[in-house]
Amino acid sequence: MPESDNLVEQVLAGNRRALARLISLVEDGTPEANEAISVLYSHTGSAYTIGVTGAPGTGKSCLVTELVKHLRTQDKRVAVVAVDPSSPFTGGALLGDRFRMRDLAGDPGVFIRSMATRGQLGGVARATFDVMRVLDAAGFDYVIVETVGAGQNEVEIARVADTVVLVDAPGMGDDIQAIKAGILEIADVIVVNKADRPGVKNTVRALKAMLELGHRKREISHHGQVMIQTDGFEKTLIDDMWQVPVLQTIATQGEGIEELAQAVLNHAEYLSSTGIQAERDRVRLQNELINRLRDRLVYDLLQRMPSQDLEKLVTAIAARELDPASAVQSLVSNSKHE
Amino acid sequence: MGERKIRVLIAKPGLDGHDRGAKVIARTLRDAGFEVIYTGLRQTPEMIVEAALQEDVDVIGLSILSGAHMALTPRIVELMRTSGLEDVKLLVGGIIPEEDISKLKEIGVNAVFGPGANSEDIVKFINEIVVV
Ligand SMILES: Nc1nc2c(ncn2[C@@H]2O[C@H](COP(=O)(O)OP(=O)(O)OP(=O)(O)O)[C@@H](O)[C@H]2O)c(=O)[nH]1
Ligand SMILES: [Mg+2]
């Protein structure tokens, strides 16, 4: 019996050590992980996923902690995946979110995993998504993913969640950046945390103004419909009547958490009652399929091709003897004749 | 396809004040290419072992300045055993008297590093002891 079979059985039986091991295999991109997921896949699809993103230090981890505590009062089992960037130079990472989640320690209904972005083939979003799948199959009712909303990676990760919570705080001066990274567009619920600090009203007002701008633009260009944008491959138009709420919280005092939980619940109900949830899932899976297929085909083709052939082509392209598109054409037609 | 990364948990058990030393070592290990989970101050043995299990770390590094190493470490070793973490390496850093070092090693601590320890040595030790 392969190791992965054993691991899968243990994960399904609720063994936390096995769950942690399997997550590592997924992160490492091992063949065992693929085998395991192919068995676990039929057990997925029941967890609700929440992405929590926002600028560094806005209070995401504290907020996640409070949200988890709230969900625990309803007896929901909750997993948290806290993603932090790897250093592009050393490949190392300092994962510090767990430090803020110490209040959750000792609760058997909670599982916390820190994850570095690494240099994943196919993007970190895929690795995160697979980790979320494993947690879903392991029976968690909610899977919450925390990412620092600073770059494209983070937007990608947040996009795999059912409800995306964008966290801001007064005096961060990052409002413009949030728009640049496209985060405001994917936010379903906006939270202004640290509402005990001066400047809350300004931050709320600024965010509301930006939301309105965003909405008007959507309505003008898409006649009241919203695009589910997916890697530029497929766009689906469905009516989007969701009004993004802008909430205020004080995570360190547990204030506003019930309202946040309610907003997430409202959004979940909205998604399922409008059929958007099912549509999103389909589009997401189609994208994943196409991305995986693309990676696989490229990998197979490069495997079959002697490396000097590739170098020759690159040399020819660099010398302007051949253009890149024609090079691709010749690669593809050559590989067909084999 | 992917890459295997050495994962290290840095924790500070016990009740003593600051965690400057633990933070410095956490950063050093990150710069050496490890994935470091930093859990900070005032961690109970239960919290440390639970975190090590969930994070599936290869190494647990304890920073103990309070002199409570002989109270805390055996408890951690015992919890590691009952949680199935026998294969996780355990390092202790701090001011540990010579006679306690051998006692700690006897109960299963893989290495003890004093306050003057060279960070390169710690990195080298981890790279050697963890089977990737
Ligand atoms: N005044 C105040 N401080 C807060 C509040 N929420 C969090 N903080 C503080 O903000 C700091 C950062 O909190 P975290 O929860 O670690 O923030 P984060 O967004 O997860 O940070 P990164 O993961 O590093 O991006 C901590 O010192 C918290 O104590 C709040 O509502 N009010
Ligand atoms: Mg955080």
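With respect to empty space enclosed by the protein
If you walk through the whole model with that rule in mind, you get three cavities of 30 Å³ or more. In this structure, the largest cavity encloses a volume near 130 Å³. Forming the walls of the largest cavity are 14 residues, and the residues nearest its centre are A:R98, A:M101, A:R102, A:A105 and B:A51. Among the residues making up the lining of the largest cavity, the classes are represented as eight nonpolar, three polar and three charged. Of the voids in this model, the second largest cavity is the one considered here, and its volume is about 50 Å³. Lining the second largest cavity, in full, are A:V11, A:G14, A:N15, A:R16, A:L19, A:R77, A:A138 and A:F140. Split by residue class, the lining of the second largest cavity holds four nonpolar, two polar and two charged. Each of domain 1 (1-43) and domain 2 (44-274) of chain A accounts for three or more of the residues forming the lining of the second largest cavity.

Digging into the confidence of the model for chain B
Residues and elements named next belong to chain B. On average, residues of chain B carry a pLDDT of 91, and 98% of them reach 70 or more. Across chain B, the secondary-structure element scoring lowest on mean pLDDT is strand β2 (residues 35-43), at 90, and the one scoring highest is helix α2 (residues 45-55), at 97. Interface confidence in the predicted complex, given as ipTM, is 0.94; pTM for the same model is 0.90.

Overview of the interface of chain A and chain B
With 30 residues of chain A at the contact, the number on the chain B side is 32 residues. Linking A:R21 and B:D56 is a salt bridge whose minimum nitrogen-to-oxygen distance equals 2.6 Å. Those elements that place two or more of their residues in the side of chain A that touches chain B are α2 (16-27), β3 (93-95), α5 (97-100) and β4 (110-116) of chain A. In the side of chain A that touches chain B, the residues fall into 11 nonpolar, nine polar and 10 charged. Here β3(A) runs beside β2(B); their pairing, made up of three bridges, is parallel. Within the sheet, the bridge partner assigned to A:L95 lies in β2(B) and is B:I37.

What to know about the sheet that holds strand β10 (residues 246-248) of chain A
All names here are of chain A. Read across the open sheet, the seven strands follow the order β4-β2-β5-β1-β6-β7-β10; overall the sheet is parallel. Of all strands in the sheet, those bounded by a partner on one side alone are β4 and β10. Across this sheet, the average inter-strand angle for adjacent strands is 20 degrees, counted without regard to direction. Inspection of the sheet shows strand β2 (residues 78-84) paired to strand β5 (residues 142-148) by six bridges, in the parallel sense. Counterpart to V83 in the pairing with β5 is T147.

Re the side chain of A:D188
Within the secondary structure, A:D188 is located in the loop between α9 (183-186) and β7 (189-192). Excluding residues that lie within four positions of it along the chain, A:D188 makes contacts with A:D162, A:T163, A:V164, A:W242, A:V244, A:P245, A:H267 and A:R280.

Re the pattern of salt bridges
Residues and elements named next belong to chain B. Summed over the entire model, instances satisfying the criterion amount to 29 salt bridges over all chains. When the shortest N-O distance is used, the salt bridge between R7 and E55 registers 2.9 Å. Taken as a pair, R7 in strand β1 (residues 7-13) and E55 in helix α2 lie far apart in primary sequence, 48 residues in all. Judged by relative accessible area, which is 0%, E55 ranks as buried.

Criteria and thresholds
Residues numbered from 1 in each chain as written. Chains lettered and ligands numbered in written order. Predicted model: local features only at pLDDT ≥ 70, side-chain atom pairs only at ≥ 80, totals over all residues. Heavy atoms only, no water. 1 Å grid on protein atoms, 1.4 Å probe; cavity = no way out; pocket = protein on both sides within 12 Å on 5 of 7 lines; lining within 4 Å. Points joined across faces, edges and corners; volume = space filled by probe spheres on them. Nonpolar A, V, L, I, M, F, W, Y, C, P; charged D, E, K, R; others polar. Domains from an automatic or database assignment. pLDDT = per-residue confidence, 0-100. Helix = DSSP H or I, 4+ residues; strand = E, 2+ residues; numbered from the N terminus. Contact = heavy atoms within 4.5 Å. Salt bridge = Lys/Arg side-chain N within 4 Å of Asp/Glu carboxyl O. Pairing = 2+ DSSP bridges. Axes fitted to C-alpha atoms, helices over the stretch in contact; angles between N-to-C directions. Buried < 20%, exposed > 50% of the residue type's maximum accessible area, 1.4 Å probe, protein only.

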